[in-house]
Structures are given as structure tokens and as C-alpha cells.
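Residue-level structure breakdown
Here is what each chain is made of, one letter per residue.
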There are 2 protein chains.
Amino acid sequence: MRIGLIAPPWIPVPPVGYGGTEAMIHALATSLAAAGHSVVLAAAADSTCPVERIGGFAPAERAAMGRTSSELPHVIRAYAGLVDVDIIHDHTLAGPLYRHRPPGIPVVSTIHSDMTPELCRVYEAFSRDVSLVAISQHQANSAPDVKIRRVIHHGIDPATVPPGDGAGGYACFLGRMAPCKGIAEAIEVARRAGMQLKIAAKMSQPAEVDYFRSVIAPLLGPEEEFVGELDAAGKFALLGNAVALLNPVQWDEPFGMVMIEALAAGTPVVATPRGSAPEIIEHGVTGFLAAATDELASCLQRASGLDRYDCRSAVETRFSAEAMTRKYMELFEDVL
Amino acid sequence: MRIGLIAPPWIPVPPVGYGGTEAMIHALATSLAAAGHSVVLAAAADSTCPVERIGGFAPAERAAMGRTSSELPHVIRAYAGLVDVDIIHDHTLAGPLYRHRPPGIPVVSTIHSDMTPELCRVYEAFSRDVSLVAISQHQANSAPDVKIRRVIHHGIDPATVPPGDGAGGYACFLGRMAPCKGIAEAIEVARRAGMQLKIAAKMSQPAEVDYFRSVIAPLLGPEEEFVGELDAAGKFALLGNAVALLNPVQWDEPFGMVMIEALAAGTPVVATPRGSAPEIIEHGVTGFLAAATDELASCLQRASGLDRYDCRSAVETRFSAEAMTRKYMELFEDVL
């Protein structure tokens, strides 16, 4: 099968630092190619994903993230370059509603955003002639009016993640510098557990910088270390040496990519039971779910007692790129 | 004729402060209605334009300006509400490429942006089944590959602008707090001309605030006054009392709305000969065009010698809302 993949224009595939969607697209593209399919990728010019690529795109411009004026030219070029494929898998917001898509080629769209009422209207419009994939059951359930064809969790290739032994003795946080990600809560939880906390966070938007300066920086004490935004190697080293990933998200994150990255490194996850977390973490086996700060702290203290092998094994069986790719291929065949 | 108008979602129609596109849409809507046409407007909920309106929109959210995630839901709702019109005049970027527009209703789109290579690709896609209007000959000429159906200058209703006598004795600048608008150049020109300068500027985006703090604020001396962003009444008072509008734009602005607002107030315009300026200003009659700072300063000194009646008269004959509306009606009839 010849499959066209369209990534958003603002982050390269794979991402150098932050970029859950682009990491997923990279895993899917390489895994589809490894399974013998013909894959062609429309993505920012500085992408390095080793599959066939459509040329002519601009390099990723993170500052333009979310803007119609950069998304539409990208989508137009992408669809113009995908006239010879059997199916198109579109990860943009503007693409599935683009008027001049090549006729007769079915389109699958994975929903990477929140199901806000405004965006639900967009996805309802998608579903008129596009097959929609939700990335967690929670995301699908949160929008009963949007016709979801399949729920497919994200996956990663465990071979790209070195297993760690947690010998660093610290807990870590990894995400965007935003209140919804629960950084302030992570600091409080780690303190109550008496454990050192290393914080890695993307901080490129003005709002993220403001939040760091006004809220997080004043909270940092001798037991907290802010290490900035990490590349892939730095991220997996941070995760692998950690006793646990602390992920007290304060919103219903559709899919917490960082949780399966931690598990792949053998690192259990201590999280609030929101969004996709209960679908990813097996409580008492690969991590713990708790809502209250005290309870999270007590879970964090118990995390070192979990078997790190079980964590990595959960990724190999349930959250591998291969498992994800198999489900997408089933869907593609179903759609064709 | 029943005409549907779609405004962008981020600024109400008419705008309270900054918003050239929304001011133009307001003038067109009221003028079409005054000419006896049935007009229905899709715009932010806090719009006050006194024509029939489609309900259900969110209030204008300036912070989301340019974002696909707010433009698409707006466009979907707009087109869903415009199934009973003869023609749709769309001022958004996402709308003309929206896949599920009501079939059989022709769409006209006015290009409000720069013709960057990226956006030209978007407008070329528009032109496959949408009639495009450029807002100046310069804008049309800058993109020879984009099929422009008509060039129609913006217009305003002179009755909404009180004529001023320029008795304030100062020059004024009015625009966005951005380098391309030429604020720093305006300060230098006014100083060389020995004239006081009043600066009114929109300053809501982080980049605009940064530019003010780092570049403009340090330049301000006793002869310059920064008055912030003004509402319509404040704007026309500022313009009417000014000897001249100083508009040394550093880019090819497709249409400088502020120039016809100044002329309507009887105020001549001293500008660099870029973008639409040579089409709007009659050199030596309604203002002056000059590129060099010294020359601009000497023009500014001569501005008080121009006849303010000629300025207002240019709007009444060439840049009135009525003249603009007549041209749009000719186009609508031509398209139908």
C-alpha cells in the first residue's frame, strides 16, 4: 500500500525537542516503511525521518505554530504532492477541510487536540468524508457527537529507548511549561515525598516564559533542578535514571506521550487519574494513579518498589510503534 | 440581492480600536443595506454593525488572531448560516478553501493580506472557484500569477468622519506598533520638520509591546506624545486637529486605510511612495510622497499649505463607502 502522511508545518519529524504529534508520526512512518509499505511524508523541510519526502516545504517555524497563514500553504502543497497514494493520513487541522484535495483518495485524520466545543464543530465537519481516529478512549468519550471510527493509542519503538535503572534516585517532570501540565503540583508532591525533582520543560512561547518567571522559578528550592528543554538522548537519560515520572496533569490530556516514553525507559509513572492516564498506567504495576497531593506523595515513595521490567514490557506489548502501526493498517485496509 | 458577508472572528465589526478590515466590512455592510439590499453578516458576537446577523458566534478574541483553531469553527458556522443568500463575500483566509461550503452559491473573496509567496499559493487555490478582489493595483501587480477579478479600493462613509481644521498644529502617526509601519521614521521626520508628533498605536501583541519598550519608548522626547490606542471618536479628533498624517511606511502596505481616514477628516497625508500610497495620495494636492527623510520633513512643513477641502473631496469622490459599494455590486452582478 502507498500511504501519504501529512505532519503539521511547525515542528520537524522527528522533533528535536518537544513534539508529541511529530514523534508519533515519525514512529508510524518508520514502522510502516519497515513493514514494507511505501510511505511518503509531507513535513517541514528540516525533518530527518528516513522515508520518501515531498519537497518544497519551508523549515519548521515554531513561532508560527497554529496559524492559518502557515498551515494552509503547507496543506495545499502536501495534497498537491499526494496524488499517487492509496490513502492519506492527515495530522493537520486545516487539511481535512481543504476544498481541493485529490478526488477519490480516502483521508484518515488523527485527532491530536482537546475536544473543546469549538474544535468538536471542526471534527464533526471532518467526519463528513474523513475517517477519524481518537488517541484515547477518554478523548473519544468526551465528544459523543463526533463520529470516531477507531481509538488507537500512540506507540513508540522500544528499540529507540535505552532502558534505565532509576539509579539517579530522583523523580522527574517532563512537559510544556504550562499550568495544565501540573509542574507546581509536581514540586509539592516531590517535596512531601522527600524526593529530589528534575524538571525538563519546553519554554518557547511567551506565555510559557511568563509562567516560569512568575510562578515556577520562585517555587524552586535546593531539591528542585530545572534542566530546560532536552533533546531525545537527554530526555531518555533523564527518564531512565529517574525513580519515577511525576505527571500530575491538571487537565484531560488526550494522550500523554511522555508516559509511554517513561515506561519504555523502565520508569514507572505517578499521575493524576485524568484524560488518558488510566488507559496507559496499570495502577500498582506500571505506576500509580491518585488525585490528592498526599496520596501522590505516598505513591511516589512506593514507586521504587515496582518492577521496571513490567513498565518496559507494557510498551512492548501495548504501546509499541508496531502495535500502533498494525491498528492503523487495519483501519487503512478497512477504509479502502 | 441577498448578500452574505463573513468577517474574521478576532475583531468586532465595526472595530472598537484597531481593525482596517473590519472597518471596511462595516462600511460595506451598512452601505449595501442603505442601497436596499438584504445583508446578513457573520462576525464576532460583540459586533454592533446594524444589519441582520448570524447568531452563535463567540465574542472577538484578539489574542487568538490568525489561529486555525478559532478561524475554522467560525467559518463552519458562517457557511452553515448562509444557505439562503445569492452570493457570499468572504473576508477570512480559511473560508474560501472550506470544503463544505453550500453548493451553488458563488463566493467573492477580498485579499486583505500581503502577497507573500506562501500566501500567493493560498490565493491561487482560492481562484479555482472564487472571484478575487485586490484592494490596490499595487497588490494585484505584486502577484501576477494570482487571477484577480477586480481591483476595488476600500472606502469609508464621510458622514461618519467630522472634518477637522488642523488647528492642533501637530503631525500625527496612527497604526500598529510595528517596525514596518515606520514609527521610528515618523519621529525623525517630525523632528527635522520642527513639528510636534502625536503617536496613536495598537499595542496588544507581545511583539508590539517589545518593540515599543525596546525601540520606540527610548526615542520619545518632549516633542513626541504617545497616546495609546484610540477609539473611533478619539482617532478622528486626533486626525482632524493634525496638520498632516505622517505615514512613512517601510513596507508595501496593500491598502492604507488610515490614509483615507485622514483625508476624510480633511487632513493631508505625507507618506513614502510604497504599496497603495501612490494610488491614494495625489502628490501636491491631498498630500506628498517622498522616500528620503529630509524630503519627507520638507513635505511635512509644506502640508499646511494644502487645501483641506481637496482632501475630504477626494474621499467623497474616490474613496467613499458608496463608491466602493457600487463597485462591489457591479462585481456581484457580474459573478451571478
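Think of each chain on its own: its residues are numbered from 1, step by step along the sequence as written. The lettering of chains begins at A and the numbering of ligands begins at 1, in the order of writing. Owing to the predicted nature of the model, reporting of local features is limited to residues with pLDDT of at least 70; listing and counting of side-chain atom pairs is limited to 80 or more, with chain, interface and lining totals taken over all residues. In computing side-chain properties, one takes all heavy atoms of the structure into account and sets aside hydrogens as well as water.

Bringing the overall build of chain A into the picture now. For the purposes of this entry, the term helix denotes a DSSP run of H or I that reaches at least four residues, the term strand denotes a run of E that reaches at least two, and both are numbered from the N terminus. Scanning chain A from N- to C-terminus turns up 12 helices and 13 strands. C-alpha extents for chain A along the principal axes are approximately 60 × 40 × 40 Å. Type-normalised accessible area, obtained with a 1.4 Å probe on protein chains alone, sets the label of each residue: buried when under 20%, exposed when over 50%, and partly exposed for intermediate values. For chain A, with 336 residues in total, the buried portion stands at 58%. Should any heavy atoms of two residues lie within 4.5 Å, those residues are counted as being in contact. Excluding contacts between residues fewer than 6 apart, the proportion of contacts in chain A whose partners are at least 24 apart in sequence is 64%. About 12300 Å² of surface is accessible on chain A, with carbon and sulfur atoms providing 51% of the total. We treat Lys and Arg as the positive residues and Asp and Glu as the negative residues; His and chain ends play no part in the count. Charge coordinates come from a single atom per side chain, which is NZ of Lys, CZ of Arg, CG of Asp or CD of Glu. Looking at charge distribution, chain A has the averaged site of its 27 positive side-chain charges lying 4 Å from that of its 38 negative ones. Methods summary: accessible areas were calculated by the Shrake-Rupley approach with a probe of 1.4 Å, and residue burial reflects only the protein chains presented.

Residues and elements named next belong to chain A. Its location among the elements puts Gln139 in helix 4 (residues 137–141). Polar contacts here mean pairs of N or O atoms no more than 3.5 Å apart (in protein, one a potential hydrogen donor and the other a potential acceptor; neighbouring residues in sequence count only if both atoms are side-chain atoms). Of the polar contacts made by the side chain of Gln139, one reaches the backbone nitrogen of Ile135; its length is 2.7 Å. Not counting residues up to four positions away in its chain, the partners in contact with Gln139 are Ile111, His112, Ser113, Met115, Ala134 and Pro254.

Now for the interface of chain A and chain B. Taken residue by residue, the interface counts 27 residues in chain A and 27 residues in chain B. For the chain A and chain B pair, buried surface summed over both sides reaches about 2600 Å², with 56% attributable to carbon and sulfur atoms. Should a side-chain nitrogen of Lys or Arg be within 4 Å of a carboxyl oxygen of Asp or Glu, the pair is scored as a salt bridge. The interface formed by chain A and chain B holds 2 salt bridges in total. Between Arg99(B) and Asp129(A) there is a salt bridge, with its nearest N and O atoms 2.7 Å apart. Where chain A touches chain B, the interface holds 18 residue pairs in polar contact (both at pLDDT 80 or more). The set of elements that each furnish at least two residues to the side of chain A that touches chain B consists of helix 2 (68–80) and helix 3 (117–126) of chain A. Here the side of chain A that touches chain B gets 8 residues from one element, more than from any other, and that element is helix 2 of chain A. When two parts are brought into contact, each loses some accessible area as probed by a 1.4 Å sphere; the total of that loss over both is the buried area.

Residues and elements named next belong to chain A. Note that domain bounds follow an automatic or database assignment of domains. What the domain assignment lists for chain A is domain 1 (2–157 + 320–335) and domain 2 (158–317). Distance from the C-alpha centre of domain 1 to the C-alpha centre of domain 2: 27 Å. At the junction of the two partners, domain 1 supplies 23 residues and domain 2 supplies 26 residues. It is Tyr18, Ile156 and Asp157 in domain 1 that bury the most area against domain 2; as a group they hold 33% of the surface buried on that side. Joining domain 1 to domain 2, the criterion identifies 1 salt bridge. Note that Glu229 and Arg62 form a salt bridge whose closest N and O atoms lie 2.8 Å from each other. Elements with a minimum of two residues in the side of domain 1 that touches domain 2: helix 1 (20–34) and helix 4. In this classification, Asp, Glu, Lys and Arg are treated as charged, Ala, Val, Leu, Ile, Met, Phe, Trp, Tyr, Cys and Pro as nonpolar, and every other residue, Gly included, as polar. Residues belonging to the side of domain 1 that touches domain 2 are distributed by class as follows: 8 nonpolar, 12 polar and 3 charged.

On to the packing of aromatic side chains, then. Residue and element names in this part refer to chain B. For this analysis, a ring pair means two rings from Phe, Tyr or Trp (six-membered ring only for Trp) whose centres lie within 6.5 Å, classed as stacked if their planes differ by under 30 degrees, edge-to-face if by over 60, and tilted for the remaining angles. Throughout the structure, instances matching the rule amount to 10 aromatic pairs over all chains. Cation over ring: Lys198 sits above Tyr170, and NZ or CZ is 4.7 Å from the ring centre. Counted as over-ring charges are cases with an Arg CZ or a Lys NZ within 6 Å of the ring centre that also lie within 35 degrees of the ring normal. Geometry around Tyr18 places Lys202 over its ring, the cationic atom sitting 5.1 Å from the centre.

A separate point is the relation of the copies chain A and chain B. Only residues with pLDDT of at least 70 in both copies count here: their C-alpha atoms drive the least-squares fit that superposes the copies. Mapping chain A onto chain B is achieved by rotating through 180 degrees and translating by 0.0 Å along the same axis, at an RMSD of 0.0 Å. Both chain copies can therefore be described as sitting about a two-fold axis. Comparing contact sets, 100% of the residues at the interface of chain A also lie at the interface in chain B, consistent with an isologous, same-surface contact.

Residue and element names in this part refer to chain B. Interaxial distance between helix 5 (residues 183–193) and helix 10 (residues 293–302) falls to 8 Å at its minimum, and their mutual angle equals 60 degrees. It follows that helix 5 is oblique to helix 10 by the angle criterion. Considering the relative orientation of helix 5 and helix 10, their crossing is right-handed. Residues Glu188, Val189, Ala190, Arg192 and Ala193 of helix 5 form the contact with helix 10, whose participating residues are Thr293, Asp294, Leu296, Ala297, Leu300 and Gln301. Broken down by class, the residue content of the contact of helix 5 with helix 10 amounts to 6 nonpolar, 2 polar and 3 charged. Note on method: axes are straight lines fitted to C-alpha atoms, helices fitted across the in-contact stretch only, with angles between N-to-C directions ranging 0 to 180 degrees. Should an angle lie under 35 degrees it is considered roughly parallel, over 145 roughly antiparallel, and from 65 to 115 roughly perpendicular; all remaining angles are considered oblique. Definitions for this section: a left-handed crossing has its near helix turned counterclockwise from the far helix by less than a right angle. A right-handed crossing has that turn clockwise.

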